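Letter by letter, the chains look like this.
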Amino acid sequence: QVQLVESGGGLVQAGGSLRLSCVASRSISSFTNMGWYRQAPGKQREVVATITRGGTTDYADSVKGRFTISRDNAKNTIHLQMNSLKPEDTAVYYCTCRLIITGADYWGQGTQVTVSS
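Computed from a predicted model, the values in this text were never measured in an experiment.

Novice: Outline the packing of aromatic side chains, listing residues and values.
Specialist: Within a pair of aromatic rings, the relevant descriptors are the distance that separates the centres and the angle that separates the planes. Applying the stated criterion across every chain yields a total of 1 aromatic pair. Consider the rings of Tyr37 and Trp107, whose centres lie 5.1 Å apart with planes at 75°: the pair is edge-to-face. Taken as a pair, Tyr37 in strand S4 (residues 31–39) and Trp107 in strand S10 (residues 105–107) lie far apart in primary sequence, 70 residues in all. Residue Tyr37 is classed as partly exposed on the basis of its relative accessible area, which comes to 26%. A relative accessible area of 39% places Trp107 in the partly exposed class. Residue placement shows Arg45 over the ring face of Tyr94; its charged tip is 3.8 Å from the ring centre. The ring of Trp107 carries the charged tip of Arg45 above its face, separated from the ring centre by 4.7 Å.

Novice: Outline the layout of surface pockets, supporting the account with residue identities and numerical values.
Specialist: What the largest pocket holds in volume is close to 190 Å³. If you trace the largest pocket, you find it lined by Asn33, Met34, Gly35, Tyr37, Thr50, Thr96, Cys97, Arg98, Asp105 and Trp107. Secondary-structure elements contributing two or more residues to the lining of the largest pocket are S4, strand S9 (91–99) and S10. Ranked by residue count, the leading element in the lining of the largest pocket is S4, at 4 residues. Of the residues that constitute the lining of the largest pocket, the class distribution is 4 nonpolar, 4 polar and 2 charged.

What counts as what
Counting from 1, residues in each chain are numbered in the order their sequence is written. Local features in a predicted model are, by the rule used here, given only for residues with pLDDT of at least 70; side-chain atom pairs are given and counted only at 80 or more, and totals for whole chains, interfaces and linings are based on all residues. The side-chain figures draw on all heavy atoms in the structure; neither hydrogens nor water molecules are used. For this analysis, a ring pair means two rings from Phe, Tyr or Trp (six-membered ring only for Trp) whose centres lie within 6.5 Å, classed as stacked if their planes differ by under 30 degrees, edge-to-face if by over 60, and tilted for the remaining angles. The helix and strand labels rest on DSSP assignments: H or I over at least four residues marks a helix, E over at least two residues marks a strand, and numbering proceeds from the N terminus. Buried means the residue's accessible area, taken with a 1.4 Å probe over protein chains only, is under 20% of the maximum for its type, while exposed means over 50%, and partly exposed covers the values in between. Note on criteria: charge over ring means Lys NZ or Arg CZ within 6 Å of the ring centre, with the direction from the centre no more than 35 degrees off the ring normal. Note on definitions: the grid is 1 Å and covers protein atoms alone; a cavity is a set of points where a 1.4 Å probe fits but cannot get out; a pocket is an open set with protein on both sides within 12 Å along at least five of seven lines; lining residues have an atom within 4 Å of a point. Grid points are joined across faces, edges and corners, and a volume is the space filled by probe spheres set on the points. When residues are grouped by polarity, Ala, Val, Leu, Ile, Met, Phe, Trp, Tyr, Cys and Pro land in nonpolar, Asp, Glu, Lys and Arg in charged, and all others, Gly among them, in polar.

As structure tokens, this is what we get:
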């Protein structure tokens, strides 16, 4: 079993920045991939950024150049640095991981990000 706890969401003006964090209940070296997804009201959940066990990153086109995903193995944490935020970035942001030994996916409870215009 894995627990993921997100933090760092909030209300920010357009052009501002936020840094999301996701702390895992076990070593993040146990996971193949970790990532951030988001879901806006009335829309489907979509991938924002992912990072592999080896540190390879990938981003949705809509956030490239503005968001940066990173991992801190010592703290079992991944981060999402979000700069130049836009109103369309408003959503609930979820952390996710895939456990190597079972292939099971786990999700956090989500953290709300609201960007005002």
